[in-house]
Amino acid sequence: MIRLLVIDDDYSLFALLAEYLGNAGFDCHHAADGDAGVAALTSGPWDAVILDIMLPGKNGHEVLEMIRSKPEICRLPVLMLTARGEEDDKVKGLELGADDYLSKPFGPKELVARLHALLRRSSHIVSNTEAEVIQLDDLRIEKSALMLVRDGYRIELTASELRLIELFADSIGKVIGRDTLYREILGHPPFAQDRSLDMMMSRLRKKLGPRRDGRERIRAARGQGYMFLLTGDE
């Protein structure tokens, strides 16, 4: 079974999730606040984490920062929950390294689909031993370490960001459609008013920095998708 840690102070929600996700092949465990979540994370192996933002003690953003700072658990797929649905919460979570987010209330089928997508991406990164290093102009991407090296600085990547880079590396100078990117990165087609892909692109742009000619590496093709450009490309 897939070991899933749910860090959320809503006991009734956890009970519902445990029943539904249990039938979908997940072994669910509960931590009712941020401090209990941190203790649970460091005491046993997990396959994925569902993390609420609004928590007693350490909030979800603080717990996420801890996860991404510890080498032994930094690759854990993390899906964040937000009850308020506020843009700032989602942006901050993605900037701190969340792999996906879901606003309450949500449908259980969508949750299961998103969890499976996270696990597929995580498995792809761990098992793919071909071309462990991707070189794009002055960027060096170390896949097994989930690390980007730029101008001598090492910058951590999330699993979703690495998958984006892999997709771009296979299609330099070509537009990759939004529908394709949503399905490959988030595991579902784009939903109405869902800006999670755009926020991921914004975060990745910051990490990549500009090309050596000063232009953006990732360019949006209005109404179509995104493309990755090398130095000298128009």
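Scroll up for the structure.
Below you will find a few notes about this structure.

### Quick look at the sheet that holds strand β10 (residues 176-177)
Here is step 1: Strand order across the open sheet formed by 3 strands is β10-β12-β11, with antiparallel pairing between neighbours. Each edge of the open sheet is held by one strand with a lone partner, namely β10 and β11 (218-221).
Here is step 2: Of the strand pairs in this sheet, β11 and strand β12 (residues 225-228) are connected by 4 bridges, and their pairing is antiparallel. Across the sheet, arginine 219 pairs through a bridge with methionine 227, a residue of β12.
Here is step 3: Set on the sheet, helix α6 (residues 159-169) makes contact with β10, β11 and β12; between it and β12 the angle comes to about 70°.

### As for the nonpolar core
Here is step 1: Within the largest apolar cluster, 49 residues are counted, with the highest numbers of intra-cluster contacts made by Ile7, Leu41, Leu51 and Ile141.
Here is step 2: Ranked by residue count, the leading element in this core is helix α8 (residues 196-208), at 6 residues.
Here is step 3: Apart from the residues lying within four places of it in its own chain, the contact partners of isoleucine 141 are Glu132, Val133, Ile134, Leu136, Met147, Leu148, Leu157, Leu162 and Ile165.
Here is step 4: Counting residues in hydrophobic clusters, the runner-up holds 19 residues, among them Leu13, Leu21, Leu115 and Leu119.

### Digging into the pattern of salt bridges
Here is step 1: Counted by the stated rule, this structure contains 20 salt bridges.
Here is step 2: Between lysine 104 and aspartate 52 there is a salt bridge; the shortest N-O distance is 3.3 Å. Of this pair, lysine 104 sits in the loop between β5 (100-103) and α5 (108-127) while aspartate 52 sits in strand β3 (residues 48-52), and the two are 52 residues apart along the sequence.
Here is step 3: Glutamate 166 is the salt-bridge partner of lysine 143, the closest N and O atoms lying 3.0 Å from each other. Remark: glutamate 166 occurs in helix α6 and lysine 143 occurs in the loop between β7 (139-142) and β8 (147-150); sequence separation between them is 23 residues.
Here is step 4: Given a relative accessible area of 7%, glutamate 166 falls into the buried group.

### Remarks on the environment of phenylalanine 191
Here is step 1: Examined against the element boundaries, phenylalanine 191 turns out to sit in the loop between α7 (178-186) and α8.
Here is step 2: Not counting residues up to four positions away in its chain, the partners in contact with phenylalanine 191 are Glu110 and Arg114.

### A short note on α7
Here is step 1: Those residues of α7 not exposed but buried are Leu181, Tyr182, Ile185 and Leu186. Each buried residue of α7 lies within a common arc of 100° when the element is viewed along its axis, so the set occupies one face.
Here is step 2: Glycine 187 sits one or two positions beyond α7 and adopts a positive phi of about 80°.

### Describing the environment of histidine 30
Here is step 1: Within the element layout of this structure, histidine 30 appears in strand β2 (residues 26-31).
Here is step 2: Spatially, the C-alpha atom of histidine 30 lies 32 Å from that of methionine 201, the residues being 171 residues apart in sequence.
Here is step 3: Filtering out sequence-adjacent residues up to four positions away, histidine 30 remains in contact with Leu5, Val6, Asp8, Tyr11 and Phe14.
Here is step 4: For histidine 30, the side chain forms a polar contact with the main-chain oxygen of aspartate 8, separated by 2.6 Å.

### A word on the side chain of lysine 207
Here is step 1: Take lysine 207: it is sitting in helix α8.
Here is step 2: On the basis of relative accessibility, which here comes to 16%, the residue lysine 207 falls in the buried class.
Here is step 3: Only 2.8 Å separates the side chain of lysine 207 from the side chain of glutamate 161, close enough to count as a polar contact.
Here is step 4: Once residues within four sequence positions are removed from consideration, lysine 207 is found in contact with Leu148, Arg150, Ile155, Glu156, Leu157, Thr158 and Glu161.

### A short note on the pairing of strand β4 (residues 78-82)
Within a regular strand, side chains alternate between the sheet's two faces.
Here is step 1: A large share of β4 lies buried, amounting to 5 of its 5 residues.
Here is step 2: For β3 and β4, the ladder comprises 4 bridges, and the chain directions are parallel. Pairing of isoleucine 50 across the sheet is with leucine 79, part of β4.
Here is step 3: Remark: the β3/helix α3 (residues 60-69)/β4 crossover connection has right-handed handedness.
Here is step 4: Note: β4 against β5, 4 bridges, orientation parallel. If you follow leucine 79 over to β5, its bridge partner there is aspartate 100.

Cut-off values and rules
- Residues numbered from 1 in each chain as written.
- Predicted model: local features only at pLDDT ≥ 70, side-chain atom pairs only at ≥ 80, totals over all residues.
- Heavy atoms only, no water.
- Pairing = 2+ DSSP bridges.
- Helix = DSSP H or I, 4+ residues; strand = E, 2+ residues; numbered from the N terminus.
- Contact = heavy atoms within 4.5 Å.
- Axes fitted to C-alpha atoms, helices over the stretch in contact; angles between N-to-C directions.
- Core = buried A, V, L, I, M, F, W, Y, C linked by side-chain atoms within 4.5 Å.
- Buried < 20%, exposed > 50% of the residue type's maximum accessible area, 1.4 Å probe, protein only.
- Salt bridge = Lys/Arg side-chain N within 4 Å of Asp/Glu carboxyl O.
- Arc of directions from axis to C-beta.
- Polar contact = N/O pair within 3.5 Å; in protein donor to acceptor, adjacent residues only side chain to side chain.
- Right-handed = clockwise from strand over helix to strand, strands pointing away.

From the geometry alone we can't say anything about function, so treat these as descriptive.
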